[in-house]
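# Notes for the structure review
Chain by chain, the residues:
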Amino acid sequence: MPRGGKRKGAGRKPVEAEAKAPNKERASAILAGLSLTDEQWKKQGHPDQEPPPFEEPNPKRYSTPQDFIQAHMDWELAKRCQCEDCLWRRDAQSDRGAREYLWNRRDGHSVRNINHIHDKPIDLNVNVSMADVIRDIRTRKQEYERNRK
Ligand SMILES: [Zn+2]
């Protein structure tokens, strides 16, 4: 039973990357979830959706990629439901690249491999260069800003 109350996600092991790439059905379901409110999404089996009590870390505020990645992991863990559907839904809500990935999955098109923010703990485990991860995040953010205009 709950011990230590609000200590969320402590010691949680990263999920395995490869097994989690959404198939056509899950991509469809996650995309459909984007048109639901959080309240409706909660009723679909993800009861805990409270946002973290602090802002998403900004890479510019960290002097090293490691610091940023750690801060971002902490931020992710501060969010409640950590299932893949919720992680993907959150990514897709804020990131056009993630939506495109899911559209392609759903429609059976080939997909470009992308590093999702929520995959960073996995990248750490396989020794992907931190700098590469950060560069990728920045590039995708710039693409996102451009596409929005
Ligand atoms: Zn969930």
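For the structure given in this document, a descriptive report is provided here. All of these numbers come straight from a predicted model, not from anything done at the bench.

## Focus: helix 4 (residues 84-94)
- Of the positions making up helix 4, those classed as buried are Cys86, Leu87, Trp88, Arg89, Asp91 and Ala92.
- At its buried positions, helix 4 is contacted by helix 1 (24-34) and helix 5 (96-107).

## So, helix 3 (residues 65-78)
- The terminal C-alpha atoms of helix 3, which comprises 14 residues, lie 20 Å apart, in line with the 20 Å expected from a rise of 1.5 Å per residue.
- Inspection of helix 3 places Phe68, Ile69, His72 and Glu76 among the buried residues, and these make up the whole buried set. Buried residues of helix 3 fall within an arc of 95° about the axis and therefore sit on the same side.

## Some thoughts on the nonpolar core
- Counting residues in hydrophobic clusters, the biggest one holds 9 residues: Ala27, Ile30, Cys86, Leu87, Trp88, Ala92, Ala98, Tyr101 and Leu102.
- Of all the secondary-structure elements, those providing two or more residues to this core are helix 1, helix 4 and helix 5.
- Non-local contacts of Leu102, meaning those with residues more than four positions away in its chain, are made with Pro22, Ala27, Ile30, Leu31, Trp88 and Ala92.

## Some words on the packing of helix 4 against helix 5
- For the pair helix 4 and helix 5, interaxial distance at closest approach is 5 Å and the crossing angle is 120°. The orientation of helix 4 with respect to helix 5, classified from their angle, is oblique. Judged by residue contacts, Trp88, Asp91 and Ala92 of helix 4 engage Ala98, Arg99 and Leu102 from helix 5.
- Class assignment of the residues belonging to the contact of helix 4 with helix 5 gives a composition of 4 nonpolar, no polar and 2 charged.

Conventions and cut-offs
Residues numbered from 1 in each chain as written. Predicted model: local features only at pLDDT ≥ 70, side-chain atom pairs only at ≥ 80, totals over all residues. Buried ≥ 20, exposed ≤ 12 C-beta atoms within 10 Å, placed from the backbone. Helix = DSSP H or I, 4+ residues; strand = E, 2+ residues; numbered from the N terminus. Contact = placed C-beta atoms within 7 Å. Expected span 1.5 Å × (residues − 1). Arc of directions from axis to C-beta. Core = buried A, V, L, I, M, F, W, Y, C linked by C-beta atoms within 7 Å. Axes fitted to C-alpha atoms, helices over the stretch in contact; angles between N-to-C directions. Parallel < 35°, antiparallel > 145°, perpendicular 65-115°, else oblique. Nonpolar A, V, L, I, M, F, W, Y, C, P; charged D, E, K, R; others polar.

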